Amino acid sequence: MPIRNTDHAWGSINKAFHWILALLIIGMGFLGWYMTWLPNAPGKIKIYALHKSIGLTILALVLLRILWRQFDRRPSELPMPHWQAVAARGVHIALYGVMLLMPLSGWLFNSAGNFPLQWFGLFHVPSLTDGENPALKAIAGITHLILFWVLLVAFVLHAGGALKHHFIDRDSTLRRMLPWGTRAEKSSPPPAMTATHSTPNSSSPTEVKS
Ligand code: HEM
Ligand code: HEM
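Residues numbered from 1 in each chain as written. Chains lettered and ligands numbered in written order. Predicted model: local features only at pLDDT ≥ 70, side-chain atom pairs only at ≥ 80, totals over all residues. Heavy atoms only, no water.

Draft legend 1. Broad picture of empty space enclosed by the protein. For the structure shown, the criterion picks out one cavity of 30 Å³ or more. Space inside the largest cavity adds up to approximately 30 Å³. Along the walls of the largest cavity sit Asn5, Trp10, Asn14, Arg69, Asp72, Arg73, Arg74 and Tyr96, which together make up its complete lining. For the lining of the largest cavity, the residue count by class is two nonpolar, two polar and four charged. (1 Å grid on protein atoms, 1.4 Å probe; cavity = no way out; pocket = protein on both sides within 12 Å on 5 of 7 lines; lining within 4 Å. Points joined across faces, edges and corners; volume = space filled by probe spheres on them. Nonpolar A, V, L, I, M, F, W, Y, C, P; charged D, E, K, R; others polar.)

If you want it as structure tokens, here you go:
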């Protein structure tokens, strides 16, 4: 598997960013809800601290991912109706936006509440505000919550779209993003349109090894 993206496949760095961040963010959605329902006890503070440390890790990974994206071209789009390509692009932009703003709003909420912040107990993370600011804390708290719902809707559209491509359109949109995905289709017409041009010994014109 190539490290960088090719014209037809996602590279291993992009796949690693995608799946590590997807797992962390899905886990954080559950952890966020779970922790706010916990009764006040010493253990609750530890779980909040874990939530914040993982959230800051997500922020750092997303910044690295966006930086890497500037140097690694995206594989070309597979054939699909124009509106679907536009919708998919819009959902990707929304996901990038939420991945950045969700941890930032959490950090701002924490800062405006004047709560201490450490990264896994290893070092102190600076505050984003000049001391306590109840009005800003309220805005950041609501923003964190609203962004979570935006994330949920974007995620359902995104994962639903990937499954539709896989099971209904039967193209390689999902396969070429899977960690173990080894084959990818070129952006070419469906097999039915090219079958008459292939010989019995030739490999499928729509597939290349990656
Ligand atoms: C992608 C990263 C993150 C996700 C998906 C996430 C998700 C959530 C969710 C679902 C909740 C419960 C709903 C709510 O009250 O808003 C929550 C609450 C909270 N999050 Fe995050 N969070 C993230 C990052 C962070 C970061 C980086 C911090 C702080 C540094 C943070 C601090 C908090 C706090 C303090 C609460 C409790 C809010 C309250 O008690 O009202 N979060 N988060
Ligand atoms: C089980 C859930 C998921 C599946 C099946 C999935 C599947 C995919 C697939 C197949 C692609 C490639 C799309 C293409 O070639 O145009 C992709 C890209 C992407 N995914 Fe996911 N994904 C999942 C979860 C997530 C989550 C949780 C996030 C972030 C919150 C996310 C963010 C993205 C982004 C931003 C891209 C665009 C990458 C780029 O263009 O740089 N995905 N995903």
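Draft legend 2. Looking closely at the coordination of the iron atom of ligand 2. Binding of the iron atom of ligand 2 to the protein goes through His18 (NE2) and His158 (NE2), at separations of 2.0 Å. Between the six donor atoms coordinating the iron atom of ligand 2, the angles at the centre fall across 86 to 179 degrees, so the site counts as octahedral. You can see His18 sitting in helix H1 (residues 12-37) and its partner His158 sitting in helix H4 (residues 134-169), a full 140 residues away along the chain. With a relative accessible area of 25%, His158 lands in the partly exposed category. (Donors = N, O, S within 2.8 Å, 3.2 Å for Na, K, Ca; no water. Tetrahedral: all angles 85-135°; square planar, octahedral: opposite > 155°, others 65-115°. Helix = DSSP H or I, 4+ residues; strand = E, 2+ residues; numbered from the N terminus. Buried < 20%, exposed > 50% of the residue type's maximum accessible area, 1.4 Å probe, protein only.)

Draft legend 3. Region of the structure containing the pattern of salt bridges. If you walk through the whole model with that rule in mind, you get three salt bridges. Close ionic contact of Glu77 with Arg89 constitutes a salt bridge, the shortest N to O distance being 2.6 Å. With Glu77 in the loop between helix H2 (42-71) and helix H3 (82-112) and Arg89 in helix H3, the pair connects residues that are twelve residues apart, well separated along the chain. Residue classification places Arg89 among the partly exposed positions, given a relative accessible area of 40%. (Salt bridge = Lys/Arg side-chain N within 4 Å of Asp/Glu carboxyl O.)

Draft legend 4. Fine view of H2. Helix length check: H2 (30 residues) gives 45 Å between terminal C-alpha atoms against 44 Å at 1.5 Å per residue, within 8%. Among the residues making up H2, those that are buried are Lys44, His51, Ser53, Ile54, Gly55, Leu56, Ile58, Leu59, Val62 and Arg65. Where H2 is buried, its residues meet H1, H3, strand S1 (118-119) and H4. (Expected span 1.5 Å × (residues − 1). Contact = heavy atoms within 4.5 Å.)

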